[in-house]
Amino acid sequence: MSTVPDIWIRTVQSIRAASRELVDTTVDVHLFGIDGTALLETPVLSAFSPNRLLIDVARMGAVISPDTRMDSMVHRMAHPEASGLIASRLSVFAVDGWWQNPEHGGTEAWAAARDLAQIVCESKLAVARDGERTILHAALGMLAPMPPLLTQRELARVLLAGVLPRVDLLVVPGLMIRRAKQWIVHHCGHDGLANCVKIWRTATRLDAHDHARWESVGADFSAAVDAAVEGIPNTALTAEVVQQIIEPIETAIKAAVAEALDIAARFNGTGLEIVGNRSKLVDEPLDAAGIGLPRSRMLSYSDPTDSERTARDLFADKLSEASYRSPGVRSVPVAYPAGRLNPRELVRYSAQTQLGLQATAKPWTQQRIAPRARVQLTFAMVFDASLTMARWANYAGPLGWATASAVHQLGGTCTVRGFGGGTFDVIKAGTAPAQVPRVVDSGSGSDGCDIALTEVIADSDILNRTGARIVVVLTDGKLPADDAAAIDNAIDLLRDSGTIVLWVLPSAKVTAPVIPERTTVLTSVTPESFIAVVSQAVIDELERA
């Protein structure tokens, strides 16, 4: 910081303070291009060992100045574009992953993997801190730039690699890319887009330290994008494309900037924490970048009602409570007298001080309380749509929507399937549709529960995921006796993997002929009590786990 001009010192200090607040890590901030000469290839770069943030003021232009502050939510809202870009780069410091090893890189596959990792880290930050979504949205023009001289092929590449993944992973809202998605599907094909979606969603589930797997996924994603855009003309954008694709995105970015500035003006000087409006987060078409809601003769789709939104928000609040583990205690070496003494470190400390060296030894060990850690949630719901469950026909789909939306909002994944004379897809794993699926017609039989369970196990990969895993089965238990053994086998797979299984009955237990022994049975559940009963059962089961 000694080389930083005095007028920029407070800006640098505020960025360091933002790093401590947002990602609990202090970074070393270096400014370049203060004289107006751009020195870096991109406006902000993340460097590791030690943690460094390299900022090219010249490339950031008018969005940053010596008056820019980022050490509080209000300050970041007052400078949303610069703050969003820097928050994006800071997010990678919050996750200890392969990208922090400078030895990994240099190939096209690594570059694609790093870009995916960047978006995944942004998504984690947005989930952990709702208020940062607005500034990340405001900075989209810098995170995924679309200059006017792009060709059609280059625009498709920016959309596939930079914009659509951020929409699908809840970093930015999806209304602005409706036309863009239609344009991509028209030029790249449904399968081309779906392949890209599958890969970037796979990236969200990867082990952050598995660099070989990340490299493979990066190579697959790079190849998938290349294949998708191959058939698009490498010609200049038409006025129609600019009007229908780029302008709506630019308008949405400007609206996010205006919203952030308005919030900053209203809360300036109060020091209040600004939290995003939860109800808006999942009413956008969050799966707009994906293959959308499944189509089935069993379902129709409509906008959520106020009561359905209330149910979703209630479930999200309850799940948020359930998705945290209790605080733990960890041992931390310190350089001042506190707790247990380490004789070897004390000798080093004494030698360093006698030689006039900076003391780096930490002779004492202090016990500190570690913060409560959020547990990753994986949900699956299976509901009975047979004739005997006709009373629930108007409720099962909306309850599945509320569950999926709440889980997705907390950073988890949820898949929903129905059965009754066969099985059908209701909500695909990892999505939170804007519209609510509703059962139109009941099936002609009660078979299919075992198949539906097998399918949600495969779709959600729930047996191999970490964190809290819950499967909810809504049925009256009046299922074919021939299916009981296969249902038990599916339940055994789930329970052996540590997955919680809730068997939800609308009537008393004694009236249900098929009830697997290894499930937690909830009886006499009504559509009105479903959210409260199931969420409390989840909390109770996680506490016992």
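Just so you know, these numbers come straight off a predicted model, no measurement behind them.

**A look at the confidence of the model for the protein chain**
On average, residues of the protein chain carry a pLDDT of 81, and 84% of them reach 70 or more. When pLDDT is averaged over each helix and strand of the protein chain, the minimum, 34, is found for helix 13 (residues 278–281) and the maximum, 94, for strand 13 (residues 500–504). Between residues 269–293, whose pLDDT stays under 50, and residues either more than four places distant or in other chains, the model counts 80 contacts. For the stretch residues 325–329, pLDDT sits under 50, and the model shows 14 contacts to residues farther than four places along the chain or on other chains.

**Looking at the sheet that holds strand 14 (residues 520–522)**
Taken in spatial order, the six strands make up an open sheet running 10-9-8-12-13-14, and their pairing is mixed. The sheet is open, and its two borders are formed by strand 10 (423–427) and strand 14, each paired with just one other strand. The average angle at which neighbouring strand axes cross in this sheet is 20°, direction not considered. In terms of strand pairing, strand 12 (residues 468–474) meets strand 13 through five bridges, oriented parallel. If you follow Val 471 over to strand 13, its bridge partner there is Val 501.

**Details of the sheet that holds strand 2 (residues 44–47)**
A sheet is described by the order of its strands in space; here three strands give the open sequence 1-3-2, paired in mixed fashion. Sheet topology places strand 1 (28–32) and strand 2 at the edges, where each strand pairs with a single neighbour. Across the sheet, the axes of successive neighbouring strands diverge by a mean angle of 20°, strand direction being ignored. Direction of pairing for strand 1 relative to strand 3 (residues 52–56): parallel, over a ladder of five bridges. Along strand 3, the bridge assignment pairs Asp 28 with Arg 52. Taken strand by strand, helix 1 (residues 6–23) contacts strand 1 and strand 3, and its axis lies near 140° from that of strand 1.

**Re the packing of helix 1 against helix 4 (residues 80–91)**
In the contact formed by helix 1 and helix 4, the axes pass within 10 Å of each other and the chain directions differ by 55°. It follows that helix 1 is oblique to helix 4 by the angle criterion. The hand of the helix 1/helix 4 crossing is right-handed. Seen from helix 1, the contacting residues are Ile 15, Ala 18, Ser 19, Leu 22 and Val 23; seen from helix 4, they are Ile 86, Ala 87, Leu 90 and Ser 91. Of the residues in the contact of helix 1 with helix 4, the class split is seven nonpolar, two polar and no charged.

How each quantity is defined
Residues numbered from 1 in each chain as written. Predicted model: local features only at pLDDT ≥ 70, side-chain atom pairs only at ≥ 80, totals over all residues. Heavy atoms only, no water. pLDDT = per-residue confidence, 0-100. Helix = DSSP H or I, 4+ residues; strand = E, 2+ residues; numbered from the N terminus. Contact = heavy atoms within 4.5 Å. Pairing = 2+ DSSP bridges. Axes fitted to C-alpha atoms, helices over the stretch in contact; angles between N-to-C directions. Parallel < 35°, antiparallel > 145°, perpendicular 65-115°, else oblique. Left-handed = near helix turned anticlockwise from the far one by under 90°. Nonpolar A, V, L, I, M, F, W, Y, C, P; charged D, E, K, R; others polar.

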